[in-house]
Amino acid sequence: MKMAFGFLTGVLVCCLLLFSLQVVAPLFAQEEDSESDNFSLVKLLPNFEKIYKDALAMPFQEAEKKIYDDDVARFYHLLMGKTALDKGSDDQ
């Protein structure tokens, strides 16, 4: 009986320790932005959001340049504005 109680107490203490570390550790996490850190893997990654927005909007922006009818061009420009496709990577 004592051995089972000791085992369960040890498991409970270990679980509480792991849980407390999981809760407390993110509180002390800080992103270091120092000049001495010259090598960062984040700087090597391309900006995927910009690439995605450009790839999505560029065909529509190029198609807008080929519209010569004023009414259709206004409608297309309004449609592009409502879908936010007129905003390319120029905003960044």
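Residues numbered from 1 in each chain as written. Predicted model: local features only at pLDDT ≥ 70, side-chain atom pairs only at ≥ 80, totals over all residues. Heavy atoms only, no water.

Trainee: What is the right way to look at the overall build of the protein chain in this model?
Mentor: The helix and strand inventory of the protein chain stands at 4 helices and 0 strands. Shown N-terminal to C-terminal, the secondary structure of the protein chain runs as helices and strands in the order α-α-α-α. For the protein chain, buried positions account for 8% of its 92 residues. About 8800 Å² of surface is accessible on the protein chain, with carbon and sulfur atoms providing 67% of the total. (Helix = DSSP H or I, 4+ residues; strand = E, 2+ residues; numbered from the N terminus. Buried < 20%, exposed > 50% of the residue type's maximum accessible area, 1.4 Å probe, protein only. Areas by Shrake-Rupley, 256 points an atom, 1.4 Å probe, with all protein chains shown as cover.)

Trainee: Would you mind showing me how to read the pattern of salt bridges here?
Mentor: Oppositely charged side chains may form a pair once their charged atoms are brought near each other. Going through the model one piece at a time under the given rule, you end up with 4 salt bridges. We note a salt bridge from Asp-71 to Arg-74, for which the minimum N-O separation is 2.4 Å. Pair noted here: Asp-71 and Arg-74 are both in helix α4 (residues 70-82), with a separation of 3 residues, about one helical turn. Relative accessible area serves as the criterion here: at 53%, Asp-71 is assigned to the exposed category. What makes Arg-74 exposed here is its relative accessible area of 54%. (Salt bridge = Lys/Arg side-chain N within 4 Å of Asp/Glu carboxyl O.)

Trainee: Which parts of the structure should I look at to understand the packing of helix α3 (residues 48-65) against α4?
Mentor: Angle between the axes and distance between the axes are the two parameters that describe a pair of packed helices. Remark: α3 packs on α4, axes separated minimally by 10 Å, with the N-to-C direction vectors making an angle of 160°. With respect to each other, α3 and α4 are oriented roughly antiparallel. Judged by the sense of rotation from one axis to the other, the crossing of α3 with α4 is left-handed. Mapping the contact onto sequence places Phe-60, Gln-61, Ala-63 and Glu-64 in α3 and Tyr-76, His-77 and Met-80 in α4. Residues of the contact of α3 with α4, tallied by class, amount to 4 nonpolar, 2 polar and 1 charged. (Axes fitted to C-alpha atoms, helices over the stretch in contact; angles between N-to-C directions. Parallel < 35°, antiparallel > 145°, perpendicular 65-115°, else oblique. Left-handed = near helix turned anticlockwise from the far one by under 90°. Contact = heavy atoms within 4.5 Å. Nonpolar A, V, L, I, M, F, W, Y, C, P; charged D, E, K, R; others polar.)

Trainee: Just checking my understanding: could you explain the confidence of the model for the protein chain for this structure?
Mentor: Any segment with low pLDDT has predicted coordinates that should not be analysed in fine detail. On average, the protein chain scores 81 in pLDDT, and the residues at 70 or more come to 78%. Of all secondary-structure elements in the protein chain, the lowest mean pLDDT belongs to helix α2 (residues 41-44), at 73, while α4 reaches the highest, 90. (pLDDT = per-residue confidence, 0-100.)

Trainee: Is there a simple way to explain a nonpolar patch on the surface in this structure?
Mentor: Taken together, the side chains of Phe-7, Leu-8 and Val-11 present a nonpolar region at the surface, about 320 Å² in accessible area. Structurally, Val-11 can be placed in helix α1 (residues 2-24). Residue classification places Val-11 among the partly exposed positions, given a relative accessible area of 36%. (Patch = residues over 30% accessible without salt bridge, like charges linked within 9 Å, V, L, I, M, F, W, Y side chains within 5 Å.)

Trainee: I would appreciate a short explanation of α4 in the present structure.
Mentor: In an α-helix, one turn spans 3.6 residues, which is why side chains three or four residues apart end up on the same side. With 13 residues, α4 extends 18 Å from end C-alpha to end C-alpha; this agrees with the ideal 18 Å at 1.5 Å per step. Of the residues one or two after α4, Ala-84 is the one with positive phi, at around 65°. (Expected span 1.5 Å × (residues − 1).)

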